[in-house]
Amino acid sequence: MFETLVPGRPPDAAAWLDDLNPEQLAAATHPGGPLLILAGAGTGKTTTLCARVAWLVSQGTAPERIMLLTFTRRAAREMLQRTRALVAMPAGHRGVLGGTFHSLAHRFVRMHASALGLAAGFAVLDAGDGADLLDLIREEHGHAQRDRRFPKKSTLQDIYSRTVNAQRTLSEVVAECFPWCEEHVESMAAMFKAYTARKRSLGVVDLDDLLLYWRALAADEVIGPATEDGFDHVMIDEYQDVNGLQADIVSGLRRRSDNVTAVGDDLQAIYGWRSASPQHILEFPDRFPGTTVLKLERNYRSTQPILDTANAVAVQATRSYEKRLRSDREDGPPPALVFCRDESEQADEVCARVLEAREQGMELRQQAVLMRASHDSDLLELELTRRHIPFVKYGGLRYLEAAHVKDLIALFRLLDNPANELSWFRVLQLLEGVGPVTARRTLDALVAGPAAAADPLGAWPQARDHLPAAARPGADSVVEALRAARSATGAGVQAEGLRDALAPLVSSRYPDGAVRLIDLEQLAAAAREASDLGHFTAELALDPPQSSADLAGPPHLDEDYLVLSTIHSAKGLEWAAVHVLALYDGNFPACMSAGTSESIDEERRLLYVAMTRARRRLYLHVPVRYYHRPKGNDDAHGYGKPSRFLTEEVQRTCEVVRRAEVGGYEATGRLPRKITVSPDSLFR
DNA sequence: TGGTCGCCAATTTTT
DNA sequence: TTGGCGACCA
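All residue numbers refer to position in the chain's written sequence, counted from 1. Starting at A for chains and at 1 for ligands, labels are handed out in the order in which the entities are written. Local features are withheld for residues below a pLDDT of 70 in this predicted model, meaning they are given only at 70 or higher, and side-chain atom pairs are given and counted only at 80 or more; totals for whole chains, interfaces and linings count all residues. Side-chain figures throughout are based on the complete set of non-hydrogen atoms in the structure, without hydrogens or water.

Student: With reference to specific residues and values, describe the environment of Asp248.
Tutor: A run of DSSP states H or I qualifies as a helix once it reaches four residues; a run of E qualifies as a strand once it reaches two. Both are numbered from the N-terminal end. Position of Asp248 relative to the elements: it lies in helix α12 (residues 244-253). Taking C-alpha positions, Asp248 is 25 Å from Gly203, a pair spaced 45 residues apart along the chain. For this analysis, residues touch if any pair of their heavy atoms sits within 4.5 Å. Aside from chain neighbours lying at most four places away, what touches Asp248 is Arg215 and Arg287.

Now the structure itself:
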């Protein structure tokens, strides 16, 4: 195998290069130095990047000396798979080193943990854990829950994360993005300092820390160059979505060499709320002098009418690289503009069209429903269930956020580090009659008690006295399970032991306990595959499963199901038919984003991303009357204006396939109150 | 009286 | 699923 890949073999001899168009070929075979590939939606970005890897390997670069950074785990998986299919791996070589920024950061931070003052098996807090820790600190700083005007934990976390990722000062970020919190800047600053100190003392890192630490490693005089020299080429996918911190990491990785390839499309930048900025892709040529800029504009995915509509949305944008997609496919019908009376009619319309398409031979899995916010599909999900149409939903409430799953993970963490206050705080509150106060006292006795220094579990006999009598047996069995798991070997055995101890608590704590136990079973089963429970939980934080089905592996693979997804989760994917939901102003663009022109631009790009996922059919659904509840108002209906992005220009490129009837009480403007019917008065 | 538990309303997008 | 508010228990 290796012989076919020795250096010097002419690139044109490789068959896979023949399939590329001239622009793609130029990008794939760019000899070296900084390269920026501006690849519009559906222009074969992944193909080109994979071909480039293959070409570099054919030129003699060892695969493991190529680093491939992607934005999502899904993209990483696909990219590595396709690369593997393209490049016969030379014997004795490991593959390309690929993954998300966060997962590669984890790898390097683990590698240099001691230099960073971390224990070898440090835990990674996921977003929820970080928020919980902040909440704990908020209490300690005297901002009790009842302090209504103080930002709540998820907001605090947003502010913290945004500040760190943008690498700007707290007061700047708050003034710009969270003006209603300005009066609290000083207390927040104190809390955030306490938060970083606490993470230090607990020996844990959060997702943002991973990037901070990696950047510090890259900047280090000894470790930086050593890391850099390990890689001949660094490639970054979706460069439009990197933030300042990530851009710094890329620069740090390329201080001596400038073999760096960035691929992206500023028209698809949709992560500004996470401090990403299209600024970085626009400034790439400044950061890397001598950059070659190549554009891919030939679209292999969508029909021309769909691109016309998408282009009509894109041209509303203010600043971008000049580019316009041209289709390489045969013509097709124009996108359909579906005006519905309300969201329930929208659900009916989608079901009807999905089924109709399937009648005509389009599998359900070739069709997708995309939305701005995950709850936009609530009614549709009900309707799909009622009609027995199978579907899988991506994005939105994720598996790891389910309370009982966090409970078991907390136990996993305690096994690794019995001094983990956060986990104890969580687990103790599952017990009968134990709330935050009792939990706090008990865990103080555990972690700060005299016997604790050596082993918190040793302090258990004293700590359990703080619990009400009813809670003691349950608590004892959890502690017993932790002791047993300690001496057990194999992540699977340990996980099962802990799950068994947790099961009775979960089924008594939650009314739908039985269903939740199934999830725990799957989590324990997944842990069986891992070599180490600590690694398993860290991986889980970095690569959260989208659903419990996802965790169980891909059993649905041969089944047919409709895909429901937030647009953010749909990035990089494509379907033959795409339905976009709830295109009314206030929802899309979301009213929370209506403040600045930048956030409106981002919402517009989001719509552009949604539209360009479609290969042959695109349906844009506009409910005319929407249902939502401004607080305390029972007159919960309102009339929606179509999304401001559906300008006349855009509408001209579409076909209106349905006009909602406006008549009856809707025409009078007098809306019925919510009507409730209950025969309860008969049952006395 | 401190603390827990039950019932109500509301919730953008994600590594 | 979180958080606020009021009822109930030691």
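Student: Provide a residue-level description of helix α18 (residues 403-416), including the pertinent values.
Tutor: Given 3.6 residues per helical turn, the α-helix brings residues three or four places apart onto the same face. When the terminal C-alpha atoms of α18 are compared, their 20 Å separation across 14 residues agrees well with the 20 Å that a helix rising 1.5 Å per residue should span. Relative accessible area decides the class of each residue, using a 1.4 Å probe on protein chains only: under 20% of the type maximum gives buried, over 50% gives exposed, and in between gives partly exposed. By the criterion of burial, α18 is predominantly enclosed, with 11 of the 14 residues buried. The set of residues buried in α18 consists of His404, Val405, Asp407, Leu408, Ile409, Ala410, Leu411, Phe412, Arg413, Leu414 and Leu415. Here the expected span of a helix is defined as 1.5 Å times the quantity of residues minus one.

Student: So what about the packing of aromatic side chains? Which residues, and what values?
Tutor: Classification of ring pairs uses Phe, Tyr and Trp, with its six-membered ring standing for Trp, and accepts pairs whose centres are within 6.5 Å; under 30 degrees between planes counts as stacked, over 60 as edge-to-face, and the remaining range as tilted. According to the stated counting rule, one finds nine aromatic pairs in the structure shown. Here Tyr239 and Phe284 contribute two aromatic rings whose centre-to-centre distance is 5.3 Å and whose plane-to-plane angle is 80°, an arrangement assigned as edge-to-face. Pair noted here: Tyr239 is in the loop between β6 (233-236) and α12 and Phe284 is in helix α14 (residues 284-287), with a separation of 45 residues, a long-range link. For Tyr239, a relative accessible area of 1% puts it in the buried group. Residue class for Phe284 comes out buried when judged on its relative accessible area of 1%.

Student: Any details on the sheet that holds strand β1 (residues 35-39)? Residues and values, ideally.
Tutor: In spatial order, the strands read β3-β2-β6-β7-β1-β8; together these six strands make up an open sheet with parallel pairing. Two strands in the sheet have a free side with no partner beyond their single neighbour: β3 (97-100) and β8 (292-296). When strand polarity is set aside, the average angle formed by the axes of neighbouring strands in this sheet is 15°. Fitted lines through C-alpha atoms give the axes, limited to the stretch in contact for helices. The angle between two N-to-C directions lies from 0 to 180 degrees. The strands touched by helix α4 (residues 73-86) within the sheet are β2 (66-70) and β3, with β2 carrying the most contacts at an inclination of about 140°. By the convention used here, strands pair only if DSSP detects at least 2 bridges between them.

Student: I'd like to hear about the layout of surface pockets, residue by residue, with values.
Tutor: Put simply, the grid is 1 Å and covers the protein atoms alone, a cavity is a trapped set of points that fit a 1.4 Å probe, a pocket is an open set with protein on both sides within 12 Å along at least five of seven lines, and lining residues have an atom within 4 Å of a point. Grid points are joined across faces, edges and corners, and a volume is the space filled by probe spheres set on the points. Reported here for the second largest pocket is a volume of approximately 560 Å³. As for the second largest pocket, its lining consists of 29 residues, and the residues nearest its centre are Thr46, Glu78, Arg301, Gly572 and Leu573. Examining the composition of the lining of the second largest pocket, we find that five residues originate from one element, α4, more than from any other.

Student: An account of the packing of α18 against helix α24 (residues 513-528) is requested, with residue identities and associated values reported.
Tutor: In contact at an axis separation of 9 Å, α18 and α24 are set at 40° when each is read in the N-to-C sense. Classified by the angle their axes make, α18 and α24 are oblique. Note on packing geometry: the crossing formed by α18 with α24 is right-handed. On the side of α18, the interface is formed by Ala403, His404, Val405, Leu408, Ile409 and Phe412, while α24 contributes Arg516, Asp519, Leu520 and Leu523. A breakdown of the residues in the contact of α18 with α24 according to their chemical character gives seven nonpolar, one polar and two charged. When an angle is under 35 degrees it counts as roughly parallel; over 145 it counts as roughly antiparallel; between 65 and 115 it counts as roughly perpendicular; any other value is oblique. Take the far helix as the reference: if the near one is turned anticlockwise from it by less than a right angle, the crossing is left-handed, and if turned clockwise, right-handed. Residues are grouped as follows: nonpolar covers Ala, Val, Leu, Ile, Met, Phe, Trp, Tyr, Cys and Pro; charged covers Asp, Glu, Lys and Arg; every other residue, Gly included, is treated as polar.

Student: Describe the side chain of Ser377, listing the residues and the values that go with them.
Tutor: Inspection of the secondary structure assignment puts Ser377 in the loop between β12 (367-371) and α17 (378-386). As used in this structure description, the phrase polar contact means that two N or O atoms lie within 3.5 Å; if the pair is within protein, one of them must be able to donate a hydrogen and the other to accept it, and residues adjacent in sequence are counted only when both atoms belong to side chains. Reaching out from Ser377, the side chain makes a polar contact with the backbone oxygen of Ser374 at a distance of 3.3 Å. With sequence-adjacent residues up to four places away left out, Ser377 is seen in contact with Met371, Lys393, Leu564 and Leu581.

Student: Outline empty space enclosed by the protein, supporting the account with residue identities and numerical values.
Tutor: Rolled over the atoms, a probe with the dimensions of a water molecule shows which regions are left empty. Across all of its chains, the model carries two cavities of 30 Å³ or more by this definition. Approximately 50 Å³ is the volume attributed to the largest cavity. In terms of lining residues, the largest cavity is bounded by Trp424, Val427, Leu428, Leu431, Trp460, Gly474, Ala475, Val478, Val479 and Leu505. Elements that contribute at least two residues to the lining of the largest cavity include exactly α19 (421-428) and α22 (472-487). Ranked by residue count, the leading element in the lining of the largest cavity is α22, at four residues. Per-class residue counts for the lining of the largest cavity are nine nonpolar, one polar and no charged.

Student: Quick one: what's the story with helix α8 (residues 170-177), residue by residue and with numbers?
Tutor: Taken together, the buried positions of α8 are occupied by Leu170, Val173 and Val174. End-on, the buried residues of α8 take up no more than an arc of 95°, which puts them together on one face. Close packing links the buried residues of α8 with α7 (153-166) and α9 (185-202). The arc in question is the one spanned by the directions pointing from the helix axis to the C-beta atoms.

Student: Kindly report on the side chain of Asp129, identifying the contributing residues and their values.
Tutor: Here Asp129 is to be found in helix α6 (residues 127-140). Residue Asp129 is classed as buried on the basis of its relative accessible area, which comes to 10%. In contact with Asp129, not counting residues within four places along its chain, are Val124, Arg413 and Leu422.

Student: Which residues make up the nonpolar core, and what values do they have?
Tutor: A general feature of soluble globular proteins is that nonpolar side chains tend to end up buried together. By size, the foremost hydrophobic cluster in this structure holds 112 residues, and its most contacted members are Trp214 and Leu498. With eight residues, the single largest contributor to this core is α18. Beyond its immediate stretch of four places on either side in the chain, Trp214 contacts Met67, Leu69, Phe101, Leu104, Ala105, Phe108, Val109, Ile249 and Leu253. If you look at the next biggest cluster of nonpolar residues, it comprises 43 residues, including Leu307, Leu325, Tyr394 and Leu606. By nonpolar core we mean a set of buried residues, namely Ala, Val, Leu, Ile, Met, Phe, Trp, Tyr and Cys, connected to one another through side-chain atoms within 4.5 Å.

Student: Please give an account of the pattern of salt bridges that cites residues and values.
Tutor: Whenever a carboxyl oxygen of Asp or Glu lies within 4 Å of a side-chain nitrogen of Lys or Arg, that contact is scored as a salt bridge. For the coordinates displayed, the defined rule picks out 38 salt bridges. The salt bridge partner of Glu383 is Arg386, with a shortest N-O separation of 2.8 Å. Here Arg386 and Glu383 lie together in helix α17, a separation of three residues that amounts to about one turn. Within the structure, one salt-bridge network assembled from shared partners comprises Lys45, Asp237, Glu238, Asp241 and Lys571.

Student: A description of the environment of Thr47 should follow, citing residues and the corresponding values.
Tutor: Among the secondary structure elements, Thr47 is positioned in helix α3 (residues 45-58). Thr47 gets classed as partly exposed once you look at its relative accessible area, which sits at 32%. Between the C-alpha atom of Thr47 and that of Leu20, which follows or precedes it by 27 residues, the distance is 8.5 Å.

Student: Tell me what's going on with unusual backbone geometry, and back it up with residues and numbers.
Tutor: A cis amide bond links Phe588 to the next residue, Pro589, at an omega of 5°. Relative to the helices and strands, Pro589 resides in the loop between β15 (575-580) and α27 (597-611). Of note in this structure, Glu238 is not a glycine but carries a positive phi near 55°. Secondary-structure assignment places Glu238 in the loop between β6 and α12. A relative accessible area of 8% places Glu238 in the buried class. Look at Ala582: it is not a glycine, yet its phi comes out positive at around 55°. Looking at the secondary structure, you find Ala582 in the loop between β15 and α27. According to the relative accessible area criterion, Ala582 is buried, its value standing at 0%.

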